[in-house]
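# Residue-level structure breakdown
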Number of protein chains: 2
Amino acid sequence: MDGWITQLRKGLLEVCLLNVLRRGESYGYEIVQELKRIEELAVSESTVYPILSRLRNEGLLKVRDVPSPAGPPRRYFSLTVAGKLRVAEMNAYWELLGQAMGKLIQGK
Amino acid sequence: MDGWITQLRKGLLEVCLLNVLRRGESYGYEIVQELKRIEELAVSESTVYPILSRLRNEGLLKVRDVPSPAGPPRRYFSLTVAGKLRVAEMNAYWELLGQAMGKLIQGK
DNA sequence: TTGGGTACTACGCAAAGCATAATAGCACGG
DNA sequence: CCGTGCTATTATGCTTTGCGTAGTACCCAA
């Protein structure tokens, strides 16, 4: 991986996860599959699971364990009220950032 | 500072610096002033100088020292050929990322 | 019984942002 | 003559993140 791409993603994957969950409850493995469909992200399990734990510890996500039809039980995550607020903030900031970068790239 | 914002910037500031230098030669202090004008970034000296050193070590920037009218000598940075290539790559990736995020945020 | 898909956890490294502080030269007012 | 403030850079150390690697565990089909 190209190094600078890895760095560009820092924090961004958190935004992605929260946005996926904005559409409704989901569990780790499914979220990974979902994000893998976006080639620009090309994310892996070892990246997503720690983020989910962290967001849960921060009180942005809540968990519900459900037995799986195959494999260990699924941990369904969904947004808490704080989580919904956070994702709104993040999307707003991302929007601003996009505009600022656009100007910068076009030499202002 | 809000933590998640700090993380979102990782790698991005590098892109910003290179884009500022795409307009022509500049030195650390001036670049900081330039980026401070963009409130979304609100960058500080201790962030910018290490990035400049790093980019130079990677061969993306070249340096020219010039005595300053006030204070220590200025270190003027400019893009090398590799630097110009890199900034083009980065801008392209940023564009893709913006599109992918846009879809994600709008619920696909 | 062996391979493959599902599903999660744990360990540890490298890199980035940033706070803090130190250094240093010039100009201006009192 | 001395302090304050602007210019301009360097050094140190902390925290967090992404991610490679590895391990655990369950089910089903060939």
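Just above sits the structure.
Residues numbered from 1 in each chain as written. Chains lettered and ligands numbered in written order. Predicted model: local features only at pLDDT ≥ 70, side-chain atom pairs only at ≥ 80, totals over all residues. Heavy atoms only, no water.

Another point: helix α2 (residues 12-22) of chain B. Residue and element names in this part refer to chain B. Burial within α2 is extensive, with ten of its eleven residues counted as buried. Along α2, the residues classified as buried are L12, L13, E14, V15, C16, L17, L18, N19, V20 and L21. Positive backbone phi, at 140 degrees, marks G24, one or two positions downstream of α2. (Buried < 20%, exposed > 50% of the residue type's maximum accessible area, 1.4 Å probe, protein only. Helix = DSSP H or I, 4+ residues; strand = E, 2+ residues; numbered from the N terminus.)

Sizing a probe to match a water molecule and rolling it over the atoms shows the empty space that remains. Inspection of every chain in the model, using the stated rule, returns one cavity of 30 Å³ or more. Its boundaries defined by the atoms lining it, the largest cavity holds a volume of some 40 Å³. What lines the largest cavity is simply L8, L12, W94 and L97 of chain A together with L8, L12, W94 and L97 of chain B. Of all the secondary structure elements, the ones that give two or more residues to the lining of the largest cavity are α5 (81-105) of chain A together with α5 (81-105) of chain B. (1 Å grid on protein atoms, 1.4 Å probe; cavity = no way out; pocket = protein on both sides within 12 Å on 5 of 7 lines; lining within 4 Å. Points joined across faces, edges and corners; volume = space filled by probe spheres on them.)

Below, the discussion takes up the protein's contact with DNA strand D. Surveying the vicinity of DNA strand D reveals 28 residues, the closest of which are K10 and G11 of chain A together with Y29, R74 and R75 of chain B. Atoms of DNA strand D within 4 Å of the protein belong to the sugar or the phosphate in 69% of instances, the rest to bases. In the model, a phosphate oxygen of DNA strand D is placed 3.3 Å from a nitrogen or oxygen of the G28 of chain B main chain. The separation between a phosphate oxygen of DNA strand D and a polar side-chain atom of R74 of chain B is 2.2 Å. For the surface near DNA strand D, the elements supplying multiple residues, two or more each, are α1 (4-9), α2 (12-22) and α4 (45-57) of chain A together with α3 (28-36), α4 (45-57) and β3 (74-79) of chain B. No other element matches α4 of chain A, which puts four residues into the surface near DNA strand D. (Near = heavy atom within 4 Å. Polar contact = N/O pair within 3.5 Å; in protein donor to acceptor, adjacent residues only side chain to side chain.)

Another aspect to go through is the protein's contact with DNA strand C. Surveying the vicinity of DNA strand C reveals 26 residues, the closest of which are Y29, Y49, R74 and R75 of chain A together with K10 of chain B. Atoms of DNA strand C within 4 Å of the protein: sugar and phosphate make up 71%, bases the balance. The backbone of G28 of chain A places a nitrogen or oxygen atom 3.4 Å from a phosphate oxygen of DNA strand C. One of the side-chain N or O atoms of R74 of chain A is found 2.4 Å from a phosphate oxygen in DNA strand C. Within the residue set of the surface near DNA strand C, elements represented by two or more residues are α3 (28-36) and β3 (74-79) of chain A together with α1 (4-9), α2 and α4 of chain B. Top contributing element to the surface near DNA strand C by residue count: α4 of chain B, with four residues. Classifying every residue of the surface near DNA strand C by side-chain character gives ten nonpolar, ten polar and six charged. (Nonpolar A, V, L, I, M, F, W, Y, C, P; charged D, E, K, R; others polar.)

Residues and elements named next belong to chain B. Taken in spatial order, the three strands of this open sheet run β1-β3-β2, and their pairing is antiparallel. Of all strands in the sheet, those bounded by a partner on one side alone are β1 (26-27) and β2 (61-66). Judged from the six bridges that link them, β2 and β3 form a sheet pairing that is antiparallel. Considered in β3, the bridge of K62 is made with S78. Contacting β1, β2 and β3, α2 runs over the sheet at an angle of about 90 degrees to β3. (Pairing = 2+ DSSP bridges. Contact = heavy atoms within 4.5 Å. Axes fitted to C-alpha atoms, helices over the stretch in contact; angles between N-to-C directions.)

What follows is about the relation of the copies chain B and chain A. Superposing chain B onto chain A takes a rotation of 180 degrees plus a shift of 0.0 Å along the axis, which leaves an RMSD of 0.0 Å. Viewed as a symmetry operation, the transformation between the two copies matches a two-fold axis. Minimal C-alpha separation from the rotation axis in chain B is found for K10 of chain B, amounting to 2.9 Å. A high fraction, 97%, of the interface residues of chain B reappear at the interface in chain A, so the copies pair face to face through one surface. (Least-squares fit on C-alpha atoms with pLDDT ≥ 70 in both.)

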